[in-house]
Amino acid sequence: MDIFHDNPMLQGVRQMLGAFAKSAIRPIAAKHDQEESMPWGLMKQAQGFGLTQTSLIDGRKKVTGVDEDGDPDKPKIGARLAVAGAEELAYGCAGICLAIGGSGLAASPVARMGTDEQKAEFRRLLSGLDDQGRIKVAAMALSEPATGSDISGLTTSARPDGEYWIIRGSKQWITNGQSASVYVVWAQTDERAGRAGVRGFLVARDTPGLVPGKKETKLGIRASETAQVHFEDVRVHQDMMLGIGRPADGKIATGGLADTKKMLDSTRPVVAAQAVGIARAAYDFLLDRVRGGSLHGTPLASHQHIMFELAEMNMEITASRMLAHRAAWMADHHLDNVAEASMAKAHAARTAQWVTTRAMVLLGEEALEPGHPVEKWYRDAKIYDIFEGTGQIQRRIIAKQLTGQNPT
Amino acid sequence: MDFALDAEQDLIVQTVRRFAERDLRGWAADADRAGVPPERLTAVGSELGFFVDAVPAEADGLLEGTYSHLVRALRGFELGRGCPALAALLETNVEPALAIGRWGSQAAKQAVFGSLAAGGLATLAHDSRGALEIQAEGDDLRVSGKLGPLPALAAASHVLVVANGAVFVISTDDLARDAFTPSGWRAARWATARLDAHRVPADFVLARADAARSASAEVLAWARVSLAARAAGAATVAMELADAYAKERVQFGQPIATFESLIRLRDDALTMAGAARLCALHAAWAIDRGLPEAGDLASRARVIAGDAVARATIDAVQIFGGYGFVNDYPVEKLMRDARAFEALHGDERLGRVLGQKAALTGET
């Protein structure tokens, strides 16, 4: 395994996005947190780094200069690049990182299951600027009010009507839910088929019946928009159903929930890396304070009580990062990383919560001041134990790998 | 030993519980959004005896005889179950009033009790890191440095300052304060204040040198017990809310309350919250009896209560899942509120470690 040394490409991504996070993201993080607003200008700026809304379906070429769509059996580097980049962006601000990458949630199933025509349509719908002069973004509409962890219980329905599907239902906790120009919505096409009946559809924002709902006021990641979306008899042409026209090769399901689960296996190391970025941000802030601080006339750094806690934080952050990179390395080498991806996400989420909580305690009253970055990171960290599969779901996945059973 | 409440204690607990569940919890979300307490808080709180319960009756307060920290801890737990921010305001006058009643000059009593009896607020500042510069100028003191962030400071008429080598009272009349609304306890009227060679008249210095160390320890014991009791209440209500939600929420064909992992989350959190409540009550009981270990018990109570409220609120949000992360449900606010319990007056564990190290090595 070569995970202990970054290759030059990974180092380059780290340096480039790390500098971008410090110089461009961090200075505006508190403002967007307080205003609960998307950083549209910065999102446009990020496109200059290849962080486009369609980069997933365009391949990694824009970021790496290497076209990875060549030999499918060769090891790749895309997963590790994504992990390295995600940590740096979240180090700047997790909410802004999610705002920059939010469209990737929708682009991922299009890249995985979409036909060339669907990919072209996805690109078309995201090209140019919206009517407010902002870059266009996409939304993945999967979760529903009654289905958080259990995505097999979706109630949003799609019924056939000639060459069209009629989609009806409501979605909850949708990233870019209000602002998206295109949605990838998941709906049940055949209740009798259960999970196998759930399919994804590409739906343009201006389709009649698509109604963005309430924007949520959240504990953290406030620079990333989260909203409800309602589908009131939305007509979608059958060509916009994901997974059509793809040969069944016995390995990959064609457009159903199985593919979304595989998609989560690929995104979980990236999500883990974002949690690592938050934890590292809080750790670095605390370390900086300790280096220059004193306590009743003694240097803070001379106290075991403080320094051992920092050492513990360093250990946990390093372990989380290595778990994320291992899961990404396995993905790049086409190895099954289901358990490893879950381990990475669960461990990193726990680390981010613990580090930010302890950092606040050690900073004392200072951390209660408005706009304090560590307090923001404390609030940001919590979502990493909830979205993309809760900590309990990750442990359930790991446990199932051990015995084949789902413990309850 | 008897863990049962007597009739008077039970009456107080039942009354405060009704107030917390009906009024405080009803006001909490709006007060959090607005960043200010409801106007009715003062009137309703006063009717129930808050704000002047530690002010002597002869100074137009309600205190006759000795103050009961045990009763305060019992009611603090209930207040914490209502709303931590509003609870902080309801309890803010106790330490200043008791300290001035105990060590204050006539001038200090007249100024502070007069203000509190007229509906004013006071607050406690603890210089936990020794950051204040305090110099004697004759019998007066000159103080420089920063106070806070502190709840109630934006609205307070006086601040009781507990520092290394001095306990004193500052009037906020000529104090430069910066009011702000933080993320947690948003309605608690927070502010910081900058002292620039601020003169504290001798009449407002309550204790100096060794007497100050002893007075500081007593005042902080009162404050720690109160914080611990409220934190235990907040931890408990977070899990009560999560428990109710988990019984309703069905995933994978069963109420999520029936998943063993979530049972354990709730059970561990409630075990810690229950232990924290008992530690707070034990410390309060020891304070009321003047036992020498009271200060240490109060500190221990705050340690475990801080852990309990951190764990319970984070895990309550976890049990609520995506709904816990949005402010439609009260656990999101409780997770924000939890931080102040541990951050106010500094890191309790650090204070304990330094105190014990000093005792062992002879260093101060």
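The model shown is predicted, which means the values in this text are computed figures rather than measured ones.

What counts, and where the lines are drawn
Residues numbered from 1 in each chain as written. Chains lettered and ligands numbered in written order. Predicted model: local features only at pLDDT ≥ 70, side-chain atom pairs only at ≥ 80, totals over all residues. Helix = DSSP H or I, 4+ residues; strand = E, 2+ residues; numbered from the N terminus. Buried ≥ 20, exposed ≤ 12 C-beta atoms within 10 Å, placed from the backbone. Contact = placed C-beta atoms within 7 Å. Rg over C-alpha atoms; globule rule 2.2 N^0.38 Å. Domains from an automatic or database assignment. Nonpolar A, V, L, I, M, F, W, Y, C, P; charged D, E, K, R; others polar. Pairing = 2+ DSSP bridges. Axes fitted to C-alpha atoms, helices over the stretch in contact; angles between N-to-C directions. Core = buried A, V, L, I, M, F, W, Y, C linked by C-beta atoms within 7 Å. pLDDT = per-residue confidence, 0-100. Left-handed = near helix turned anticlockwise from the far one by under 90°.

On to the overall build of chain A. Counting its regular elements, chain A contains 12 helices and nine strands. Taking all 408 residues of chain A together, the buried fraction comes to 53%. Pairs at least 24 residues apart make up 75% of the contacts formed inside chain A by residues separated by at least 6 positions.

Another aspect to go through is the overall build of chain B. Per the secondary structure count, chain B includes 11 helices and 10 strands. In terms of overall size, chain B behaves like a compact globule, its C-alpha atoms giving a radius of gyration of 20 Å where 364 residues would be expected to give roughly 21 Å. Considering only C-alpha atoms, chain B reaches an extent of 75 × 50 × 40 Å along its principal axes. Split into buried and exposed, the 364 residues of chain B put 57% on the buried side. Of all intrachain contacts in chain B linking residues separated by at least 6 positions in sequence, the fraction that spans at least 24 positions is 77%.

Here we take up the domain arrangement of chain B. Residues and elements named next belong to chain B. Per the domain assignment, the segments making up chain B are domain 1 (7-103), domain 2 (119-209) and domain 3 (211-361). Here the C-alpha centre of domain 3 lies 19 Å away from the C-alpha centre of domain 1. Counting residues per element, the ones that place at least two in the side of domain 1 that touches domain 3 are α1 (7-34), α3 (69-82), α4 (84-91) and α5 (94-103). Counting residues per element, the side of domain 1 that touches domain 3 draws most heavily on α3, which supplies 10 residues. In terms of residue class, the side of domain 1 that touches domain 3 is built from 13 nonpolar, four polar and six charged.

Residues and elements named next belong to chain B. What the four strands build is an open sheet, ordered β2-β3-β7-β6; its pairing is antiparallel. Strands with a single pairing partner mark the edges of an open sheet, and in this sheet they are β2 (133-137) and β6 (176-180). On average, each strand axis in the sheet is tilted by 15 degrees relative to the strand beside it, whichever way the strands run. For β6 and strand β7 (residues 190-200), the ladder comprises five bridges, and the chain directions are antiparallel. Across the sheet, phenylalanine 180 pairs through a bridge with tryptophan 190, a residue of β7.

This brings us to the nonpolar core. Phe201 of chain A together with Leu86, Val225, Ala235, Ala276 and Ala280 of chain B are the most contacted members of the largest nonpolar core, which has 254 residues in total. It is helix α7 (residues 209-248) of chain B that contributes the most residues to this core, 20 residues altogether. Leucine 86 of chain B has contacts with Leu24, Trp27, Ala28, Ala31, Pro37, Leu41 and Ala187 of chain B, leaving out every residue within four places of it along the chain.

Let us now look at the domain arrangement of chain A. Residues and elements named next belong to chain A. Entries for chain A in the domain assignment read domain 1 (8-123), domain 2 (137-240) and domain 3 (257-403). With 25 residues of domain 1 at the interface, the matching set in domain 2 holds 19 residues. If you list the elements that add at least two residues to the side of domain 1 that touches domain 2, you get α1 (8-35), α5 (94-101), α6 (103-113) and α7 (116-126). Here the side of domain 1 that touches domain 2 takes seven residues from α6, the largest share from any one element. Among the residues forming the side of domain 1 that touches domain 2, the class breakdown is 14 nonpolar, seven polar and four charged.

So, on to the confidence of the model for chain A. Residue and element names in this part refer to chain A. Put simply, chain A has an average pLDDT of 89, and 90% of its residues get 70 or more. Model confidence for chain A, summarised as mean pLDDT per element, is weakest for helix α3 (residues 61-64) at 43 and strongest for helix α11 (residues 373-381) at 98. The model gives residues 60-67 a pLDDT under 50, and that stretch makes 16 contacts with residues more than four places away or in other chains.

Now for unusual backbone geometry. Of note, the amide linkage connecting glycine 148 of chain B to proline 149 of chain B takes the cis form, showing an omega dihedral of 15 degrees. With respect to the helices and strands, proline 149 of chain B occurs in strand β3 (residues 140-150). At tryptophan 173 of chain A, a position not held by glycine, the phi torsion is positive, near 60 degrees. Looking at the secondary structure, you find tryptophan 173 of chain A in strand β3 (residues 164-175). Backbone geometry at aspartate 233 of chain A places phi at a positive 55 degrees, although glycine is not the residue there.

Packed helix pairs are specified by the crossing angle of their axes together with the interaxial distance, meaning the distance between the axes. Residue and element names in this part refer to chain A. Viewed as axis vectors pointing N to C, helix α10 (residues 338-363) and helix α12 (residues 391-403) meet at an angle of 145 degrees, and their least axial separation amounts to 9 Å. Crossing of α10 against α12: the hand is left-handed. Residues Val338, Ala339, Ser342, Met343, Lys345, Ala346, Ala349 and Arg350 of α10 lie in contact with α12, whose contacting residues are Gly391, Gln394, Arg395, Ile397, Ile398 and Gln401. Of the residues in the contact of α10 with α12, the class split is seven nonpolar, four polar and three charged.

Residues and elements named next belong to chain B. Reading across from one edge, β1-β4-β5-β8 is the order of the four strands in this open sheet, with mixed pairing throughout. Each end of this open sheet is capped by a strand with a single partner; those strands are β1 (121-126) and β8 (205-208). Here the strands of the sheet are splayed against their neighbours by 20 degrees on average, with no regard to which way each runs. With three bridges connecting them, strand β5 (residues 166-171) and β8 associate as antiparallel partners. Bridged to alanine 166 within β8 is arginine 208.

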